[in-house]
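# Examining the three-dimensional arrangement
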Amino acid sequence: MDGSWDGRRHLFDRRRMTFPTGLLKRVTALLDEAKIAYQITHPEPEGEAPEALPEPLTLKPPAYKLRDYQQEALEAALTGERGVLELATGSGKTAVAACLIHQLAQPALFLVHTRDLLHQTHDFLAEHLGTTIGRVGDGVIDLQPVTVATVQTCARALGVKAAKDADDEAAESDPTDIRGAQEALAAHIRKVPVVFFDECHHLPADMFYGFAMETHGARYRFGLSATPYRTDHQDLLLEAALGPKPVSYTHLRAHATPEHLVC
């Protein structure tokens, strides 16, 4: 090795002997198969001490009743604490997310990739959680315990490049002015304990992975997608950042009732 880059992304840090926690199940399965003993540790970011979770939020329970597959997705997410929830278009991903936010009762950041989804998701959470929902994007920066934000604006606050790639045709720019708010926004992103990446397969792989690695305080980290597969074959970055898929429902739209057709 001459120290030059070989053109590959390496997810294992040889210096610190660490890898992203999203790959934990994959790595332990390989070690178990090879009958190799191991011990799991979770190093904190350099210079940082773990923070206790804040006091539980007071949120109204959503009035709708989850369907069986939505309830299963909710329970799998609560058990696994991370992962990509693969739910068909129209099967109620945001309805499941709202119930997750209510159950966890912790500050949450819900990231979307278009301004239409920003407003749609904001209004849905405000209606069903009975609390003021923050909004970051489309010219507004209003941070609240539960906030919906465009990933483009948040990436700029973190200094993460948001270049387009082959899988993000649906993404759009969001030139929200973050001057004067960048430091507070970046600090909020790095410490919030619950993060959702909606339509995570649409995000540029490098930007998404870099962004997710900045969410140091996110004990709970979820991706929501109808098709969490990438044409650029960088699916492993999704798994590294979020973990494996705990549930997969891709055939349910015909069975959903109108009140469940949410995002």
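The following refers to the structure shown.

Criteria and cut-off values
Residues numbered from 1 in each chain as written. Predicted model: local features only at pLDDT ≥ 70, side-chain atom pairs only at ≥ 80, totals over all residues. Heavy atoms only, no water. Helix = DSSP H or I, 4+ residues; strand = E, 2+ residues; numbered from the N terminus. Polar contact = N/O pair within 3.5 Å; in protein donor to acceptor, adjacent residues only side chain to side chain. Contact = heavy atoms within 4.5 Å. Buried < 20%, exposed > 50% of the residue type's maximum accessible area, 1.4 Å probe, protein only. Lys, Arg positive; Asp, Glu negative; His and termini not counted. Salt bridge = Lys/Arg side-chain N within 4 Å of Asp/Glu carboxyl O. Core = buried A, V, L, I, M, F, W, Y, C linked by side-chain atoms within 4.5 Å. Expected span 1.5 Å × (residues − 1). Phe/Tyr/Trp six-rings, centres within 6.5 Å; stacked < 30°, edge-to-face > 60°. Pairing = 2+ DSSP bridges. Axes fitted to C-alpha atoms, helices over the stretch in contact; angles between N-to-C directions. Parallel < 35°, antiparallel > 145°, perpendicular 65-115°, else oblique. Nonpolar A, V, L, I, M, F, W, Y, C, P; charged D, E, K, R; others polar. Left-handed = near helix turned anticlockwise from the far one by under 90°.

### Some words on the side chain of Thr 176
Among the structural elements, Thr 176 can be located in the loop between α5 (151–158) and α6 (182–191). Here the side chain of Thr 176 touches Gly 139 through a polar contact of 2.9 Å, landing on its backbone nitrogen. Leave out the neighbours within four places in its chain, and Thr 176 touches Gly 137, Asp 138, Gly 139, Val 140, Ile 141, Thr 153 and Arg 156.

### Observations regarding the side chain of Arg 221
By the secondary structure assignment, Arg 221 is in strand β7 (residues 220–225). Buried charge without a partner: Arg 221 forms no salt bridge, and the closest opposite charge is Glu 214, 9.9 Å away. If near-sequence neighbours (up to four positions away) are discounted, Arg 221 is found in contact with Glu 81, Arg 82, Gly 83, Val 195, Phe 197, Ala 212, Met 213, Thr 215, Ala 241 and Leu 242.

### Focus on the nonpolar core
Counting residues in hydrophobic clusters, the biggest one holds 33 residues, and the most contacted among them are Leu 100, Ile 101, Leu 125 and Phe 196. Of all the secondary structure elements, the ones that give two or more residues to this core are α2 (68–80), β1 (82–87), α3 (93–104), β2 (108–112), α4 (115–129), β5 (146–150), β6 (194–198) and β7. The greatest single-element share of this core, amounting to eight residues, is contributed by α3. Excluding anything up to four places from it in sequence, Ile 101 contacts Leu 59, Gln 106, Ala 108, Leu 125, Leu 129, Val 146 and Phe 196. If you look at the next biggest cluster of nonpolar residues, it comprises 31 residues, including Val 136, Cys 154, Ala 157 and Val 192.

### Quick look at α3
In this model, α3 (12 residues) spans 16 Å end to end at C-alpha, consistent with the 16 Å of a helix rising 1.5 Å per residue. Three or more residues of α3 are buried, namely Lys 93, Thr 94, Ala 95, Val 96, Ala 97, Ala 98, Cys 99, Leu 100, Ile 101 and Leu 104. Within two residues after α3, Ala 105 carries a phi angle of roughly 55°, on the positive side.

### Topic: the packing of aromatic side chains
On inspection of all chains with the given rule, the structure shows four aromatic pairs. For the pair Tyr 64 and Phe 124, a centre-to-centre distance of 6.0 Å together with 35° between the ring planes defines the contact as tilted. Note that Tyr 64 is positioned in the loop between α1 (24–33) and α2 and Phe 124 in helix α4, a separation of 60 residues in sequence. Residue Phe 124 is classed as buried on the basis of its relative accessible area of 10%. Arranged with centres 5.5 Å apart and planes meeting at 25°, the rings of Phe 110 and Phe 196 form a pair that is stacked. Of this pair, Phe 110 sits in strand β2 while Phe 196 sits in strand β6; the two residues are 86 residues apart in sequence, bridging distant segments of the chain. Phe 110 sits in the buried class, given a relative accessible area of 1%. Using a relative accessible area of 0% as the deciding quantity, one classes Phe 196 as buried. Three or more aromatic residues joined by ring pairs make a cluster, and in this case those are Phe 110, Phe 196 and Phe 222.

### Structural notes on the pairing of β2
Within β2, five of the five residues are buried, which leaves the element mostly enclosed by the surrounding structure. What you see with β2 is no split at all: Ala 108, Phe 110 and Val 112 on one side and Leu 109 and Leu 111 on the other are buried throughout. Looking at chain direction, β2 and β5 are connected through five bridges and run parallel. From the neighbouring strand, Leu 109 faces β5, where its bridge partner is Thr 147. Where β2 lies against β6, four bridges are found, and the strand directions are parallel. For Phe 110, the partnering residue across the bridge sits in β6 and is Phe 196.

### Notes on α4
Compared with the 21 Å implied by 1.5 Å per residue over 15 residues, the 21 Å span of α4 between its first and last C-alpha is a close match. Buried residues of α4: Leu 117, Leu 118, Thr 121, His 122, Phe 124, Leu 125, His 128 and Leu 129, and no others. On its buried face, α4 is in contact with α3, β2, β3 (134–137), β5 and β6.

### Focus: the packing of α5 against α6
It is the contact of α5 with α6, at a shortest axis distance of 8 Å, that shows an interaxial angle of 105°. Taken as axis vectors, α5 and α6 run roughly perpendicular relative to one another. For the pair formed by α5 and α6, the contact residues are Thr 153, Cys 154, Arg 156, Ala 157 and Leu 158 on the first element and Gln 182, Leu 185, Ala 186, Ile 189 and Arg 190 on the second. Tallied by class, the residues present in the contact of α5 with α6 amount to six nonpolar, two polar and two charged.

### A look at the packing of α2 against α3
Axis separation between α2 and α3 bottoms out at 10 Å; the angle between their running directions is 45°. Classified by the angle their axes make, α2 and α3 are oblique. Relative to α3, the crossing made by α2 is right-handed. For the pair α2 and α3, the contacting residues are Gln 70, Ala 73, Leu 74, Ala 77 and Leu 78 in the first and Ala 95, Val 96, Cys 99, Leu 100, Gln 103 and Leu 104 in the second. A class-by-class count of the residues in the contact of α2 with α3 yields nine nonpolar, two polar and no charged.

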